[in-house]
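Residue-level listing of the chains:
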Amino acid sequence: MSGNPGGFRRTGFRSKQGPCPPSPRRPAARRRAPPTAAGSNTSPAGGLVGYGVIHLLFAWLILQIAFDGSGTDGDQSGALHELAEKPFGTFLIVVIVIGLIAMTLWQVLEAAVGHRAERGRHRLYERLASAGRALFYTYFAWTGIKVLRGKSASSADTQQQASEDLMVSTGGRITVGLAGLVIAAIGVGLVIYGVLKKFEKHLRTSRMSADMRRLSRRLGVAGYAAKGAAYGIAGILFLVAAVRYDPDKARGLDATLNVLSEQSYGRWLLALTALGIAAYGLFSIVQSRYRKV
């Protein structure tokens, strides 16, 4: 009797199908994208729309100054005062202010821990840019709050008074001059930013149609160039105010528009500026849908 237990004979039987194929591996779980600085994928669309509306109103005021000789201050505060006088204007300003506050918080978080896709000095530059945007949005939100509280003083009047108080001393005039240099540098930066189309890296261009991408590019270039030119002129006027001790020149964008209106073909220069500011407003509205967060 063989040593095979139970007396069964071993056979050389093999499956005709050959060895069993290895079991298929399960696909590896996809890594989740890291959360954004804001903690969600929800873009502050309302704030961007409100920011765009402010610039569209600003453009409308510039056209009024150009063709109707309106005495309204030609800056963002003048645009909000104009809106406050319209039906449902107060409600719209409240919505805009809330949106701007949301955008401020978003940019503060971006400045603190955002822009993780960038590396090295590029990330530093983007975080500094976010900090600057947060200051701008805070300023516009505070302007809206002052309009809601019924304060009639415009941003231009406030800037003029502050400059006049500073220029009493030599140190104050130097401060106003340095502020002018900073504003002019911001203006140059905005022009370069627009002409080089650097704004596109913040947009989800892959989700745009070819026509929409072309439109957003044209609006962005025109908008940033016009806004940068306006800030550049305003900065130069601050320098002139400091050198000549002329606080009337230190009225920000309102002084810029006055200077343009005094030039040959000033009406058409103002109209061109209005078109550029309107382009920026429309670009902001486009951003509300395609902005990366």
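## Notes on the side chain of E126
Position of E126 relative to the elements: it lies in helix α4 (residues 120-148). For E126, the side chain forms a polar contact with the side chain of H202, separated by 3.4 Å. Setting aside its immediate chain neighbours within four residues, E126 contacts H115, E118, R133, K201 and H202.

## Here we look at the packing of aromatic side chains
Inspection of the entire model under this criterion finds ten aromatic pairs. Ring plane angle 90 degrees and centroid distance 5.2 Å describe the contact between Y224 and Y280, whose orientation is recorded as edge-to-face. Of the two residues, Y224 sits in helix α7 (residues 210-244) while Y280 sits in helix α9 (residues 266-290), which places them 56 residues apart along the sequence. The residues Y224 and Y280 share a single accessibility class, namely buried. Through a chain of ring-to-ring contacts, three or more aromatic side chains come together here, namely Y51, Y137, Y139, F140, Y193, F199, Y224, Y280 and F283.

## Let's talk about the nonpolar core
If you look at the biggest cluster of nonpolar residues, it comprises 41 residues, and the most contacted ones within it are I62, L100, Y224 and L270. Listing elements by their share of this core, those giving two or more residues are α1 (45-68), α2 (76-84), α3 (89-113), α4, α6 (170-195), α7, α8 (253-261) and α9. For this core, the element with the most residues is α1, which contributes ten residues. The contact partners of Y224, leaving out residues within four places of it in the chain, are L190, V191, Y193, G194, F199, Y280 and F283.

## Some remarks on the packing of α7 against α9
The N-to-C vectors of α7 and α9 enclose an angle of 130 degrees; their axes lie 7 Å apart at closest approach. Of the possible angle classes, the one that applies to α7 and α9 is oblique. Crossing handedness for the pair α7 and α9: left-handed. Seen from α7, the contacting residues are M212, S216, L219, G220, A222, G223, Y224, A226 and K227; seen from α9, they are T273, G276, I277, A279, Y280, L282, F283, V286 and Y290. The residue inventory of the contact of α7 with α9, partitioned by class, reads twelve nonpolar, five polar and one charged.

## Considerations on the side chain of S130
Position of S130 among the secondary structure elements: in helix α4. Setting aside residues no more than four positions away along its own chain, S130 makes contact with Q107, E110, A111 and H115.

## Structural notes on the pattern of salt bridges
Tallied over the entire structure, the rule returns three salt bridges. With its nearest N and O atoms 2.9 Å apart, the salt bridge here joins E200 to R217. Taken together, the positions of E200 in the loop between α6 and α7 and R217 in helix α7 put the pair 17 residues apart, joining distant regions of the chain. Overall, the relative accessible area of 30% leaves R217 in the partly exposed class. Put simply, R214 and D211 hold a salt bridge, and the shortest N to O gap is 2.9 Å.

So, how was this worked out
- Residues numbered from 1 in each chain as written.
- Predicted model: local features only at pLDDT ≥ 70, side-chain atom pairs only at ≥ 80, totals over all residues.
- Heavy atoms only, no water.
- Helix = DSSP H or I, 4+ residues; strand = E, 2+ residues; numbered from the N terminus.
- Polar contact = N/O pair within 3.5 Å; in protein donor to acceptor, adjacent residues only side chain to side chain.
- Contact = heavy atoms within 4.5 Å.
- Phe/Tyr/Trp six-rings, centres within 6.5 Å; stacked < 30°, edge-to-face > 60°.
- Buried < 20%, exposed > 50% of the residue type's maximum accessible area, 1.4 Å probe, protein only.
- Core = buried A, V, L, I, M, F, W, Y, C linked by side-chain atoms within 4.5 Å.
- Axes fitted to C-alpha atoms, helices over the stretch in contact; angles between N-to-C directions.
- Parallel < 35°, antiparallel > 145°, perpendicular 65-115°, else oblique.
- Left-handed = near helix turned anticlockwise from the far one by under 90°.
- Nonpolar A, V, L, I, M, F, W, Y, C, P; charged D, E, K, R; others polar.
- Salt bridge = Lys/Arg side-chain N within 4 Å of Asp/Glu carboxyl O.

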